[in-house]
Amino acid sequence: MLLQLTAIQKRFGGVVALKNGNLTVAPGEVHLLLGENGAGKSTLMKIVAGMHQPDGGDMLWKGQKVSFSKPADASAVGIAMVHQESLLAPHLSVAENIFLGREERLPFGWVNRGKMLDAARKLIEEHHFPLHADWRVEKLSPAGKQLVEICRAIAHGSSLLIFDEPTSSLSESETKEVFRIVRTLRDRQMGVIYITHRLEELRTVGDRVTILRDGETVHNCGLNEITNERIIQHMVGRELGAMYQRSSLLPGEELLRVQGLTRKPLLHDISLTVRAGEIVGLAGLVGAGRTETCRALFGLDEPDSGAVHVAGKAVTVRSPREAVTEGIALIPEDRQKTGLATALPIGYNLTIADINKVSRMGFLLDHDKERSLAGDYAKKLRIKCESPRQLAGRLSGGNQQKVVIAKWLVRGARVFLFDEPTRGIDVGAKVEVYEVMDELARSGAGILMVSSELPELLQVADRILVMRQGRITGELPGRTTQEEIMKLATLHDGGALLAEEGTE
Amino acid sequence: MIQRLLPFLTLIALFVGLSIASPDHFLSKTNLSSVVRQTAVINLMALGMTLVIISGGIDLSVGAILAMGGLLGTMAMAKGQPILMGVFIGVFAGCVCGFLNGFLTTKLKINPFIVTLGTLGILRGTTLIISNGLPVHEIPAAFSYLGEGNLLGVPFVLWVLVVCAVLVHVILEHTRLGRYAFSIGSNPDAAYYAGIPVAFHTTAVYAICGMLTGLGGMIEASRLMTGQPTAGQGYELQAIAAVVIGGGSLRGGEGSVIGTLVGAFIMGLLANGSDLLGISPYLQQAIIGATIILAVSFDELRKRKMVH
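Residues numbered from 1 in each chain as written. Chains lettered and ligands numbered in written order. Predicted model: local features only at pLDDT ≥ 70, side-chain atom pairs only at ≥ 80, totals over all residues.

What follows deals with the overall build of chain B. When helices and strands are counted, chain B shows 14 helices and 2 strands. Computed over C-alpha atoms, the radius of gyration of chain B comes to 19 Å, within 12% of the 19 Å expected from 2.2 N^0.38 for 308 residues, which places it in the range of a compact globule. Evaluated residue by residue, chain B yields a buried proportion of 52% over its 308 residues. (Helix = DSSP H or I, 4+ residues; strand = E, 2+ residues; numbered from the N terminus. Rg over C-alpha atoms; globule rule 2.2 N^0.38 Å. Buried ≥ 20, exposed ≤ 12 C-beta atoms within 10 Å, placed from the backbone.)

Right under this line is the structure:
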């Protein structure tokens, strides 16, 4: 056995993060680690990687008892972690990042750049990675950055590689590339621990599976011995109903009309409409211009040309403030970075977009009113929290997302732009987000929904627009197939790893 | 909880300790009044700095603003303006300087540390040019009441400080501006995405800080009975230290008026106590420096526990 964890415990202050973490990984095995947010997956992996120290339990590495007091201890024995958020130095080159901390040294602290570059080139060629050793890391897409982290692990001779949700920010074609690499690592007898939230990708990579719930290992078996339904049951600890499928409504008046929206070089001639009660999906690969469309509509980027009508009225939106005034809301891709003030109470986050609702005389805040308003919305959207005073950052991903949505309900927005609404959210909570979106639509809102998860679009959207290289390449009915969407999304597209000059 | 109260407990411990170590001198009315008078100016600046730091900014130019306010206010009096008019001019000058900081930060989108490092030099230089480097002395005698007078048995500056503290507290906790300051400081992107007029409110925060500093400048001038173009050097660091000791975070989104007042008085008592106990002023500086580091490291410890 490569790694054996028995009865690992970890507390943070009064909070128990892990009660009984058990995990065994063999060489040449891809081990899936599953569980809802807060189940203890990340904590367990951070203990393995030496970032946290356990309060109890045993850790055996190749049969020897070990304890790591810092990440360097873990990497010294051959354990490496590819993080969800890149931990690379953005201004350095790919080669420099691969050898960061282990540079080829010359006397007097000089670094042998040439040798480093050669070694990096060899490594990249050997694995057929679409990278160049002298590219600067900041120019890489999220997928490219992950490849660099993988290179780093290989270069250091690691024998166990931990992936923390590697595909959550990747497009379908990039995801395939990651799977290919994971398989080659397995074939070289490396152990791989793979954390994921996407059930549909399990079967393509995994050998064995360990499921955590509430800080405890609840199940462990070979992947071919278990069905997805059983996996979900173990994760949530209860039976889930049938796969969520939203029923369409009869759409009402036209709420959003976009004509010829262009912002070179990312967006070309985008035209679309969203009616009240409708959820319109926006599909495409990363870099296709979906997020850019949302940004332009929300006033974050100024388009070169194009017309936007909201509820029949021509509007010009040059800033989020103007967008909000016109009733447009954005639920951004990265809710921690742009959607929430995580260090502030839930109540503050709910009223941030419309403070007037809880003000007297236009400037004095009415704290009681704010609390009761926040309580009402928490109940309405089933936000699980102790009180409106609880810090938003303490909530689970799904509940945080509900706070972001509730903020716009308080404001009374009618056009909602959802950018990857369920990224990093538990299976159980995803359905709750879909339900909230459905309720929004039923109450007369129009929704444009960007998603990289095709099954999700098929479950939720009434119509699906597909984008490729900044253009809308087709419209499909909500009950279409993944194949139809991918056909429109990938024509002539190689899935380049160098990010375009965009933010997606 | 204990750690949250730590600055407060430290202040009480200091007070009790000094009462025991030097009962006759420390508890005398003259001494306590002089502590209040000495710390009032830093306290006022720190109140403004609290707002700025909560909104995620920093103002290194307050020392220079203090000199500018004090100089222009006293010059007006020297030219025959009434005292109230002089004080108003000092406060207004501070407000304009603060507005300039906010305007540059938001319009040029430059880090406030850099902007105010620049305006620190510009304002100090301008003050020296206006005054030709010479202090203003021709001030009406009654002006000394602001800094040295008593009202109802306590120093007049204490009343000024209490009124300003209450005002800033109300702004922070009970007005839209305060709420937006917390939001902007906690996550400027989220605030912008929510449609908050970030630039306007950031500028307002700097302008208020400038006003309070201008008032501090007038009090300083009143205590010295001169308008000194070189006044307030290094005060910016003391004001920042007060906020930070009181639990404010330079990352923004955190801080309180009570905390800042406690922080300023801790530093005031440390200085006063060292004087009374005959500790060398050189050592005093080191003690205050160590206090800042201690206070912040305790606070970081508390937050780290909370995060996980």
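With that settled, the discussion passes to the overall build of chain A. Scanning chain A from N- to C-terminus turns up 17 helices and 22 strands. Against the globule reference of 23 Å for 504 residues, chain A gives a C-alpha radius of gyration of 24 Å, in line with a compact fold. The dimensions of chain A, computed from C-alpha atoms along their principal axes, are 65 × 50 × 50 Å. Buried residues in chain A amount to 50% of all 504 residues. Sequence-distant contacts, at least 24 apart, represent 69% of the contacts inside chain A between residues at least 6 apart. (Contact = placed C-beta atoms within 7 Å.)

With that settled, consider helix H8 (residues 156-174) of chain B. All names here are of chain B. Helix length check: H8 (19 residues) gives 27 Å between terminal C-alpha atoms against 27 Å at 1.5 Å per residue, within 8%. Along H8, the residues that are buried comprise Phe 156, Val 157, Val 160, Leu 161, Cys 164, Val 168, Ile 171 and Leu 172. Seen from one end, H8 has its buried residues packed into an arc of 130 degrees, which puts them on one side. In H8, the exposed residues that point more than 90 degrees away from the buried face are Val 162, Val 163 and Val 166. (Expected span 1.5 Å × (residues − 1). Arc of directions from axis to C-beta.)

Attention now moves to the environment of Pro 71 of chain A. Residue and element names in this part refer to chain A. Tracing the sequence through the fold places Pro 71 in helix H2 (residues 71-77). Note on Pro 71: 16 C-beta atoms within 10 Å, which makes it partly exposed. For the pair Pro 71 and Glu 292, spaced 221 residues apart in the sequence, the C-alpha separation amounts to 37 Å. Every residue in contact with Pro 71, bar those within four places of it in the chain, is listed here: Ala 49, Gly 50 and Met 51.

What follows covers the environment of Ser 396 of chain A. All names here are of chain A. Mapped onto the fold, Ser 396 is located in the loop between helix H13 (367-380) and helix H14 (397-411). Given 18 C-beta atoms within 10 Å, Ser 396 falls into the partly exposed group. On a C-alpha basis, the gap between Ser 396 and Ala 429 in space is 9.2 Å, while along the polypeptide they are 33 residues apart.

The next subject is the pairing of strand S7 (residues 160-164) of chain A. Residues and elements named next belong to chain A. The buried fraction of S7 amounts to 5 of the 5 residues, a majority that puts the element mostly inside the structure. Side chains Leu 160, Ile 162 and Asp 164 project from S7 onto one buried face, and the interleaved Leu 161 and Phe 163 project onto a second face that is buried too. Where S7 meets strand S8 (residues 191-195), 5 bridges bridge the pair, whose relative direction is parallel. When the sheet's bridge partners are listed, Leu 160 is paired in S8 with Gly 191. (Pairing = 2+ DSSP bridges.)

Residues and elements named next belong to chain A. Here we have 6 strands laid out as an open sheet, ordered S16-S19-S20-S13-S21-S22, and mixed in their pairing. The two strands at the open ends of the sheet, each matched to only one other strand, are strand S16 (328-331) and strand S22 (471-477). Each strand of the sheet is rotated relative to its neighbour by a mean of 20 degrees, with strand direction disregarded. Pairing geometry for strand S13 (residues 279-284) and strand S20 (residues 446-450), over 4 bridges, is parallel. The residue bridging Ile 279 from the neighbouring strand is Ile 447, located in S20. (Axes fitted to C-alpha atoms, helices over the stretch in contact; angles between N-to-C directions.)

All names here are of chain B. Along the chain, Ile 288 falls in helix H14 (residues 281-307). Since 17 C-beta atoms lie within 10 Å of it, Ile 288 is described here as partly exposed. Spatially, the C-alpha atoms of Ile 288 and Ile 266 are 9.0 Å apart, while their sequence positions differ by 22 residues.

Residue and element names in this part refer to chain A. Spatial ordering of the open sheet is given by S12-S11-S14-S15, a layout of 4 strands whose pairing is antiparallel. Strands with a single pairing partner mark the edges of an open sheet, and in this sheet they are strand S12 (267-275) and strand S15 (313-315). Each strand axis lies, on average, 20 degrees off the axis of its neighbour in the sheet, ignoring direction. Pairing analysis gives 6 bridges linking strand S11 (residues 254-263) to S12, with the strands arranged antiparallel. Considered in S12, the bridge of Leu 261 is made with Ile 270.

All names here are of chain A. Alternating positions in S16 separate into two faces, Ile 328 and Leu 330 on one and Ala 329 and Ile 331 on the other, with burial throughout. With 4 bridges connecting them, S16 and strand S19 (residues 415-419) associate as parallel partners. The residue bridging Ile 328 from the neighbouring strand is Val 415, located in S19.

On average, residues of chain A score 85 in pLDDT, and 93% of them reach the 70 mark or higher. Long-range and interchain partners of residues 492-504 of chain A, a stretch whose pLDDT sits below 50, account for 30 contacts in this model, where long-range means more than four residues apart. (pLDDT = per-residue confidence, 0-100.)

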